[in-house]
Amino acid sequence: MNFELKKNYIDGEWIGSSQTINNVSPSDLDDVVGVYALATTSQAEVAIDAAYRAFPHWSTVSPEVRADALDRVGSEIFARRDELGTLLAREEGKPKAEAIGEVIRAARLFKFFAGEALRVSGEAFPSIRAGSEVVISRVAEGVVGIITPWNFPIAIPAWKIAPALAYGNTVVFKPSEFVPGCAWELASIISRAGFPPGVFNLVVGTGAEVGSTIVTSEKVRAVSFTGSTKTGRQIAAQCVIRGAKVQTEMGGKNPLVILDDANLDEAVEVAINGAFYSTGQRCTASSRLIVTKGIHDRFVELLSDRVQQLRVGHALEAETQIGPVVNEMQYEQDLEYVRIGISEGASLICGGKPVVQPKRGYYLAPALFANSKNSMRINREEIFGPIAGVIQVTDYEEALHVANDTDFGLSSGICTTSLKYSSDFRLRSKVGMVMVNLPTAGVDYNAPFGGSKGSSYGAREQGIYAREFYTSIRTAYIKG
Ligand code: UN1
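## A look at the nonpolar core
In step 1: Val73, Ile77, Phe110, Ile161, Phe195, Phe200 and Leu202 are the most contacted members of the largest nonpolar core, which has 61 residues in total.
In step 2: Leu264, Leu310, Val390 and Cys415 belong to the second-largest nonpolar core, a separate cluster that totals 28 residues.

## Some remarks on the site of the ligand
In step 1: Arg105, Asn151, Cys283, Thr284 and Gly442 are the nearest of the 13 residues found near the ligand.
In step 2: One of the side-chain N or O atoms of arginine 105 is found 2.7 Å from an oxygen atom in the ligand.
In step 3: Within the contact set of the ligand, an oxygen atom lies 2.9 Å away from a side-chain nitrogen or oxygen of asparagine 151.
In step 4: When the free accessible area of the ligand is taken as 320 Å², the share hidden by the protein chains comes to 99%.
In step 5: The residue makeup of the shell around the ligand, split by class, is 7 nonpolar, 4 polar and 2 charged.
In step 6: The two domains that each donate at least three residues to the shell around the ligand are domain 1 (5–250 + 455–479) and domain 2 (254–436).

## Section: the domain arrangement of the chain
In step 1: When cut into domains, the chain gives domain 1 (5–250 + 455–479) and domain 2 (254–436).
In step 2: For domain 1 versus domain 2, the distance between C-alpha centres works out to 31 Å.
In step 3: Across the contact, 24 residues belong to domain 1 and 27 residues belong to domain 2.
In step 4: Note on domain 1 versus domain 2: buried area summed over both sides is about 2100 Å², and carbon and sulfur give 56% of it.
In step 5: Elements with a minimum of two residues in the side of domain 1 that touches domain 2: strand 4 (28–37), helix 3 (81–92) and helix 4 (96–117).
In step 6: With 4 residues, the single largest contributor to the side of domain 1 that touches domain 2 is helix 3.
In step 7: For the side of domain 1 that touches domain 2, the residue count by class is 8 nonpolar, 7 polar and 9 charged.

## Observations concerning the layout of surface pockets
In step 1: Considered as a void within the structure, the largest pocket measures approximately 970 Å³ in volume.
In step 2: In terms of lining residues, the largest pocket is bounded by 36 residues, among which Trp150, Phe225, Gly227, Ser228 and Thr231 are the most central.
In step 3: When residues of the lining of the largest pocket are traced back to their parent elements, those giving at least two are helix 7 (207–216), strand 10 (220–226), helix 8 (229–241) and helix 11 (328–344).
In step 4: Residue contributions to the lining of the largest pocket peak at 6 residues, all from helix 8.
In step 5: Of the residues contributing to the lining of the largest pocket, the split by class is 14 nonpolar, 17 polar and 5 charged.
In step 6: Split by domain, the lining of the largest pocket shows at least three residues from each of two domains, domain 1 (5–250 + 455–479) and domain 2 (254–436).

## Considering the pattern of salt bridges
In step 1: Counted according to the given criterion, the structure contains 22 salt bridges.
In step 2: For aspartate 30, the salt bridge is made with arginine 360, and the minimal N-O distance between the two is 3.2 Å. In this pair, aspartate 30 is assigned in strand 4 and arginine 360 in the loop between strand 14 (347–350) and strand 15 (367–370), connecting sequence segments 330 residues apart.
In step 3: Across the salt bridge formed by aspartate 31 and arginine 90, the nearest N and O atoms sit 2.8 Å from each other. Remark: arginine 90 occurs in helix 3 and aspartate 31 occurs in strand 4; sequence separation between them is 59 residues.
In step 4: Salt bridges sharing partners connect three or more residues here, namely Glu76, Arg80, Glu83, Glu185 and Arg192.

## Some remarks on the sheet that holds strand 22 (residues 471–479)
In step 1: Taken in spatial order, the 3 strands make up an open sheet running 5-6-22, and their pairing is antiparallel. Two strands close off the open sheet at either side, each with one partner strand: strand 5 (123–126) and strand 22. The sheet shows a mean angle of 20° between the axes of neighbouring strands, taken without regard to direction.
In step 2: Taken together, the 9 bridges between strand 6 (residues 132–140) and strand 22 define a ladder with antiparallel strand orientation. The residue of strand 22 that forms the bridge with arginine 138 is isoleucine 473.

## Here's the deal with the environment of threonine 248
In step 1: Residue position: threonine 248 is located in strand 11 (residues 245–249).
In step 2: For threonine 248 and serine 228, which are 20 residues apart along the polypeptide, the C-alpha to C-alpha distance reads 9.2 Å.
In step 3: Sequence-distant contacts of threonine 248, that is, excluding residues within four places in its chain, are made with Phe225, Gly232, Ala236, Ser455, Ser456 and Tyr457.

## Quick word on the packing of aromatic side chains
In step 1: Tallying each qualifying case throughout the model produces 12 aromatic pairs.
In step 2: Ring geometry for phenylalanine 112 against phenylalanine 113: centres 5.0 Å apart, planes inclined by 85°, an arrangement best described as edge-to-face.
In step 3: The class of phenylalanine 112 is buried, set by a relative accessible area of 18%.
In step 4: A residue is classified by how much of its surface remains accessible, and phenylalanine 113, at 0% relative accessible area, is buried.
In step 5: Of the aromatic side chains, those joined through ring pairs into one cluster are Phe112, Phe113, Tyr167 and Tyr445.
In step 6: Seen from the ring of phenylalanine 78, arginine 81 lies directly overhead, with NZ or CZ sitting 4.3 Å from the centre.

## Quick word on the sheet that holds strand 14
In step 1: Spatial ordering of the open sheet is given by 14-15-16-13-12-18-19, a layout of 7 strands whose pairing is mixed. For this open sheet the edge positions go to strand 14 and strand 19 (433–436), each flanked by a neighbour on one side alone. Along the sheet, successive strands turn relative to each other by an average axial angle of 25°, direction set aside.
In step 2: In terms of strand pairing, strand 12 (residues 254–258) meets strand 13 (residues 286–292) through 5 bridges, oriented parallel. Looking across to strand 13, one finds that asparagine 254 is bridged to serine 286.
In step 3: Where helix 13 (residues 396–404) meets the sheet, it contacts strand 12, strand 13, strand 16 (387–393) and strand 18 (411–415), and its direction lies at approximately 160° from that of strand 13.

## Re the side chain of histidine 296
In step 1: By the secondary structure assignment, histidine 296 is in helix 10 (residues 293–309).
In step 2: Among the residues examined, histidine 296 registers a relative accessible area of 6% and is labelled buried.
In step 3: Here the side chain of histidine 296 touches aspartate 297 through a polar contact of 2.8 Å, side chain to side chain.
In step 4: Contact partners of histidine 296, with chain neighbours within four places excluded, come to Val291, Val390 and Gln392.

Scoring rules and cut-offs
Here the residue index of a chain counts from 1 through its sequence in written order. Totals for whole chains, interfaces and linings use all residues, but because this is a predicted model, local features are given only for residues with pLDDT of at least 70 and pairs of side-chain atoms are given and counted only at 80 or more. Calculation of side-chain values draws on the structure's entire complement of heavy atoms; hydrogens and water are dropped beforehand. Definition of nonpolar core: a set of buried residues of the types Ala, Val, Leu, Ile, Met, Phe, Trp, Tyr and Cys, connected through side-chain atoms within 4.5 Å. The cut-offs for exposure are 20% and 50% of the maximum accessible area for each residue type, with area from a 1.4 Å probe on protein chains only; residues under the lower value are buried, those over the upper are exposed, and the others partly exposed. For each residue, the test is whether any non-hydrogen atom lies within 4 Å of the molecule or strand; if one does, the residue is near. Think of a polar contact as two N or O atoms within 3.5 Å of one another; within protein, one of them needs to be a possible hydrogen donor and the other a possible acceptor, and neighboring residues in sequence only count if both atoms come from side chains. Under the convention used here, a 1.4 Å probe and the Shrake-Rupley method define accessible areas, while residue burial counts only the protein chains that appear. Residues were grouped as follows: Ala, Val, Leu, Ile, Met, Phe, Trp, Tyr, Cys and Pro as nonpolar; Asp, Glu, Lys and Arg as charged; and all remaining residues, including Gly, as polar. Domain delimitation follows an automatic or database domain assignment. Contact between two residues is taken to exist if any of their heavy atoms lie within 4.5 Å; hydrogens are not considered. Defined here as a combined quantity, buried area equals the accessible surface (1.4 Å probe) lost by two parts on assembly, summed across both. Only DSSP runs of H or I with at least four residues qualify as helices, and only runs of E with at least two residues qualify as strands; both kinds are numbered from the N terminus onward. Cavity: a set of points on a 1 Å grid over the protein atoms alone where a 1.4 Å probe fits but cannot get out. Pocket: an open set with protein on both sides within 12 Å along at least five of seven lines, its lining residues, like those of a cavity, having an atom within 4 Å of a point. Grid points are joined across faces, edges and corners, and a volume is the space filled by probe spheres set on the points. Note on definitions: salt bridges are taken to be side-chain nitrogens of Lys or Arg within 4 Å of carboxyl oxygens of Asp or Glu. When DSSP finds two or more bridges between a pair of strands, those strands are recorded as paired. Only the stretch in contact is used when a helix axis is fitted, and all axes are lines through C-alpha atoms; the angle between N-to-C directions ranges over 0 to 180 degrees. When the centres of two rings from Phe, Tyr and Trp lie within 6.5 Å, Trp using its six-membered ring, the rings pair. Their planes under 30 degrees apart give stacked, over 60 give edge-to-face, and anything left gives tilted. Cation placement over rings: the criterion is NZ of Lys or CZ of Arg within 6 Å of the ring centroid and within 35° of the ring normal.

Structure representation (structure tokens):
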């Protein structure tokens, strides 16, 4: 089949390249979603220069212009939610209903930040020098580099690009080269929404070429990255050395604590959603299920029944609950972790094996380990797949200790009917986000997102807190 090459969007033009990448569906390896141009290092530099030149105008234009353009982007995404959700499901593998939900979330993010563009405020107060005044205002940073992963092909780009543009920055956007489809559609929508050339640029490419050009360019004043802890830390270090602002959202090994007094059915559903939805490919996934001994056996029994009922299949089939793993590398890594768990002595209760489907794809039965220890590699390292380990503990204090005993600190959850334990957990859990009787994954776009330790570095994302990253404070002293 002949595909029309999907090009990069640089300085208001669609630019091709001799290097290309095939976007293949993980649900059906014979289904090529499209062919995408891979930007070269010099094209990435052209994009950065264009964003640099576009900044003085964009950062001083009426906020109404920015709000209107962002609002148009949100409206078009929303109107095309079925089509874009289908594309997302096809290229990434999450079930279509989840994918449409993600597209709607992206639309709402653009609408939210359209409003925020009009709400940028400051402060004024009398100077300690009589007759003078102090005025504090927020100013845009400049060119922002945005580097996103494959697991949320439209929502993560939206929650970085929308605030960046709303507050007057210009953008060079490098999506994961494994899911260029949604990124390309987003760029196409933005290209028609009224942003001047150079304000937004799309450069699909590899981390080694395009990613590192963005991260090391003196013209890029801030870098927002979501991806692995290893890459995130390298990027943060490179940015700090050259004095650029940086925000990295990285891995997780999120604990979900289930106490004896929990509502059992509810806790099982919370665990199913948190551990296995999106095929476990969320940095917020509940990969460690920490269960007190009074409820442990009943919880494991019910959960394993439910896990085995989950329907694994093609992302576009209506009955599918768990789509394929995103690519071969991830698939092999998941299978390797199943072997590691078994060799460490954890009991594989169900799943962890390839599932044969009519189409060739990376299908894996969700895996549940019981009798696992927090010291095992399956409970210490981020797997990023449909694999969860149950850890039995004696009481709440031990559960809290185990929950906090990790290199990560993104989200944590607790299932309990006790106000005392849920309040204590909220205070003592060493994470950025705590969920009570709710899955550790699945967050609101108007609330701050981020964590601590190996999970996050820099300012929070989303909600009005996003302005901390995308603006800096200017203090003026004025004598009349
Ligand atoms: C969610 O759980 O709703 O990469 C979002 C990730 C996170 C996003 C999770 N940055 O999985």
